[in-house]
Amino acid sequence: MRADWNPAYSLVVVPLVFLAQFNGFGSIALVFVFSVLSIGSESAARRMGVPNYFTLLTVALLLIVPGLTRLAVARLRQALRHRALRNTPQDGA
């Protein structure tokens with residue numbers, strides 16, 4: 001085990017797996033994007049001299065945006081399904 005390994009990393013990765021809907025390729029892609037953004041934002045925060053909250057904001061955005069996208073897609077599908085059911089001809093009408 002590495003001395004500088006952070007076990008809290010898994011607490012952030014688990015929601016990413018759920019957002020990827022247990023899809024292997026989706027999980028790999030989201031974890032890769034999370035890692036790049038996390039490392040990049042931490043490096044940028046150190047170079048600019050801003051607090052570490054910059055990193056937490058980046059991680060929060062990464063977790064919120066896919067969730068909001070899923071919600072928007074679900075509502076769009078529901079609206080399209082409702083519109084398709086409303087426009088179908090009724091028997092005997």
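The preceding data block contains the structure.
Summary of the structure given here. This one's a predicted model, so the numbers in the text were calculated from it and none came from an experiment. (Residues numbered from 1 in each chain as written. Predicted model: local features only at pLDDT ≥ 70, side-chain atom pairs only at ≥ 80, totals over all residues. Heavy atoms only, no water.)

Residue pairs spaced three or four apart in an α-helix point in one direction, given the helix's 3.6 residues per turn. Taking 1.5 Å per residue, 35 residues should reach 51 Å; helix α3 (residues 53-87) reaches 50 Å between its end C-alpha atoms and fits that length. For α3, the set of buried residues is Thr-55, Thr-58, Val-59 and Leu-62. (Helix = DSSP H or I, 4+ residues; strand = E, 2+ residues; numbered from the N terminus. Expected span 1.5 Å × (residues − 1). Buried < 20%, exposed > 50% of the residue type's maximum accessible area, 1.4 Å probe, protein only.)

Attention shifts here to the packing of helix α2 (residues 24-48) against α3. Where α2 meets α3, the axes come as close as 8 Å, and the angle between the chain directions of the two elements is 155°. Between α2 and α3, the interaxial angle falls into the category roughly antiparallel. α3 is crossed by α2, and the crossing has right-handed handedness. Contacts between α2 and α3 involve Leu-30, Val-33, Phe-34, Leu-37, Ser-38, Ser-41, Glu-42, Ala-44 and Ala-45 from the first element and Phe-54, Thr-55, Thr-58, Val-59, Leu-62 and Pro-66 from the second. For the contact of α2 with α3, the residue count by class is 10 nonpolar, 4 polar and 1 charged. (Axes fitted to C-alpha atoms, helices over the stretch in contact; angles between N-to-C directions. Parallel < 35°, antiparallel > 145°, perpendicular 65-115°, else oblique. Left-handed = near helix turned anticlockwise from the far one by under 90°. Contact = heavy atoms within 4.5 Å. Nonpolar A, V, L, I, M, F, W, Y, C, P; charged D, E, K, R; others polar.)

Moving on, we get to α2. Across its 25 residues, α2 extends 36 Å between first and last C-alpha, which sits within 8% of the 36 Å expected from 1.5 Å per residue. Every buried residue belonging to α2 is among Ser-27, Leu-30, Phe-34, Ser-38, Ser-41 and Ala-45, and all of these are buried. Remark: Gly-49 follows α2 within two positions and exhibits a positive phi of approximately 80°.

Attention now goes to the nonpolar core. Core analysis: the biggest nonpolar cluster contains 8 residues, these being Val-13, Leu-16, Leu-19, Ala-20, Leu-30, Phe-34, Val-59 and Leu-62. Within the residue set of this core, elements represented by two or more residues are α1 (9-19), α2 and α3. A per-element tally of this core places α1 first, with 3 residues. When neighbours within four sequence positions are excluded, Ala-20 is seen to be in contact with Gly-26, Ser-27 and Leu-30. (Core = buried A, V, L, I, M, F, W, Y, C linked by side-chain atoms within 4.5 Å.)

For the rest of this paragraph, the subject is a nonpolar patch on the surface. There is a patch of nonpolar side chains on the surface, built from Phe-32, Val-33, Val-36 and Leu-37 and spanning about 350 Å² of accessible area. Tracing the sequence through the fold places Val-36 in helix α2. Exposure remark for Val-36: the relative accessible area of 46% places this residue in the partly exposed category. (Patch = residues over 30% accessible without salt bridge, like charges linked within 9 Å, V, L, I, M, F, W, Y side chains within 5 Å. Areas by Shrake-Rupley, 256 points an atom, 1.4 Å probe, with all protein chains shown as cover. Salt bridge = Lys/Arg side-chain N within 4 Å of Asp/Glu carboxyl O.)

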